[in-house]
Amino acid sequence: MMNDEAEAFVFNELLVSSDSSSDDDEDGLLEVRGPVIGLRRIDNYIENVVDRYSDKEFRENFRMYRATFHHIVRLIHADISSNITDTGRHTISSKSQLLIALWYFGSPDSFRSVCGRFNIGKATAVRTVRRVAEALFKISPNIITWPSGEYMETVKDGFRQMGFPNTIGAIDGCYIQIPKSKVDGISYICRKNFPCVTLQMMCDHTLKCIHCYAGEAGSNHDALVLKRSEVWSFINDRAQEKFSNDSHLIGDKAYPCLPELIPPYKDNGHLTNHQKNFNFLLSRARSTIERAFNLLQKRFRRLKNLLDVRCVRVQNNNGH
């Protein structure tokens with residue numbers, strides 16, 4: 001027999017499963033043939049469940065190590081610690097807010113499902129996720145950094161061991177699916193025939209992100225996204241600073257061939273053995289960015305399925 005908390009959670013999941021994206025229901029309320037009743041929620045889920053997780057269980061559920069979680073709480077505490085309350089309840093702590101946001105980012109759950117799990121209202125959940133996302137974006141330039149100094153040499157050595165010297169990063173674009181936009185929706189349809197925005201990202205040899213740029217319409221070619229990103233200004237105006245000692249990025253055939261960006265030879269059926277070997281080594285080194293995207297979408301599943309955004313703005317992380 002299920003205990004009360006488990007029964008409440010299952011009951012809530014059944015209620016929200018038929019329409020996880022509806023915005024018409026009142027916050028936390030469901031109309032059942034007349035009178036409006038409150039959805040049942042789990043009480044003290046964080047205290048009774050999350051705080052008892054082992055380190056392994058915590059990482060599996062919230063997509064990061066517990067020590068990393070507490071470090072991030074300290075970094076964003078000042079930006080998310082204002083008085084956020086749910087109706088008739090006390091202030092939601094910084095720790096709780098980050099847990100709520102991480103659960104939303106890392107799972108395909110609807111906001112109503114998140115509300116049932118963490119015992120908060122829908123409006124509170126939406127505000128919390130938005131507030132945490134903005135706080136994380138604010139501190140991102142201190143974490144997502146362009147290679148320089150000793151770090152640059154470490155990255156170059158890592159790619160050299162893959163057979164491609166003087167490389168400071170691999171670049172590529174990834175489609176993030178979104179609902180069809182009511183304004184100029186056709187421009188967001190990508191070559192795979194679904195609406196999306198493009199995430200352009202660069203990573204080092206360990207799959208660590210060194211720069212990202214997001215929000216361009218999915219119909220835009222990777223080369224056009226590059227020219228609209230800050231990396232293009234690095235290439236044209238700050239090459240000596242950002243690409244010192246003949247360093248460069250590597251990309252796929254969608255990108256132009258530049259001193260700072262090397263794509264493979266285009267296979268016209270007449271490549272020499274030297275060119276084929278060059279392409280093989282570049283492909284092996286460039287696979288890091290493919291694996292980085294795969295890791296990102298597996299860790300934060302919201303990016304893999306459907307990112308439910310209604311207002312699209314281009315976001316750029318300059319990495320310094």
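So, here's what we can say about the structure. Worth saying up front: this structure is predicted, and the values here are computed from it rather than measured.

Calculation notes
Residues numbered from 1 in each chain as written. Predicted model: local features only at pLDDT ≥ 70, side-chain atom pairs only at ≥ 80, totals over all residues. Heavy atoms only, no water. Helix = DSSP H or I, 4+ residues; strand = E, 2+ residues; numbered from the N terminus. Buried < 20%, exposed > 50% of the residue type's maximum accessible area, 1.4 Å probe, protein only. Lys, Arg positive; Asp, Glu negative; His and termini not counted. Salt bridge = Lys/Arg side-chain N within 4 Å of Asp/Glu carboxyl O. Polar contact = N/O pair within 3.5 Å; in protein donor to acceptor, adjacent residues only side chain to side chain. Axes fitted to C-alpha atoms, helices over the stretch in contact; angles between N-to-C directions. Left-handed = near helix turned anticlockwise from the far one by under 90°. Contact = heavy atoms within 4.5 Å. Nonpolar A, V, L, I, M, F, W, Y, C, P; charged D, E, K, R; others polar.

On to the side chain of arginine 117. With respect to the helices, strands and loops of the structure, arginine 117 is situated in helix H6 (residues 111-118). Within the buried set, arginine 117 has no salt-bridge partner at all; the shortest N-O distance to an opposite charge, 4.4 Å, is to aspartate 109. At 3.1 Å, the side chain of arginine 117 forms a polar contact with the side chain of tyrosine 45.

Residues three or four positions apart in an α-helix share a direction because the helix packs 3.6 residues into each turn. Buried residues dominate H6, accounting for 8 of its 8 residues. For H6, every residue scored as buried is listed here: Phe111, Arg112, Ser113, Val114, Cys115, Gly116, Arg117 and Phe118.

Closest axis-to-axis distance for the helix H4 (residues 66-80)/helix H7 (residues 122-139) pair is 9 Å, and the angle between their directions is 115 degrees. In the crossing of H4 with H7, the sense of the turn from one axis to the other is right-handed. Here H4 contributes Ile72, Leu75, Ile76, Asp79 and Ile80 to the contact with H7, which in turn contributes Arg131, Val132, Ala135, Leu136, Lys138 and Ile139. Of the residues that constitute the contact of H4 with H7, the class distribution is 8 nonpolar, no polar and 3 charged.

If you trace the backbone, serine 229 turns up in the loop between helix H9 (222-228) and helix H10 (230-237). Since its relative accessible area comes to 5%, serine 229 is described here as buried. When sequence neighbours within four positions are dropped, the list of residues in contact with serine 229 reads Gln200 and Tyr213.

Positioned with a positive phi, asparagine 166 is a non-glycine residue whose angle comes to about 60 degrees. Mapping asparagine 166 onto the fold places it in the loop between helix H8 (149-161) and strand S3 (167-177).

For the rest of this paragraph, the subject is the pattern of salt bridges. In this structure the tally under the stated criterion is 9 salt bridges. A salt bridge links arginine 286 to aspartate 172; its shortest N-O distance comes to 3.4 Å. Of this pair, arginine 286 sits in helix H12 (residues 273-299) while aspartate 172 sits in strand S3, and the two are 114 residues apart along the sequence. Across the salt bridge formed by glutamate 290 and arginine 286, the nearest N and O atoms sit 3.2 Å from each other. Taken together, the residues glutamate 290 and arginine 286, both in helix H12 and 4 residues apart, mark about one turn of the helix. Salt bridges sharing partners connect three or more residues here, namely Asp172, Arg286 and Glu290.

Remember that the coordinates give geometry; whether it matters functionally is a separate question.
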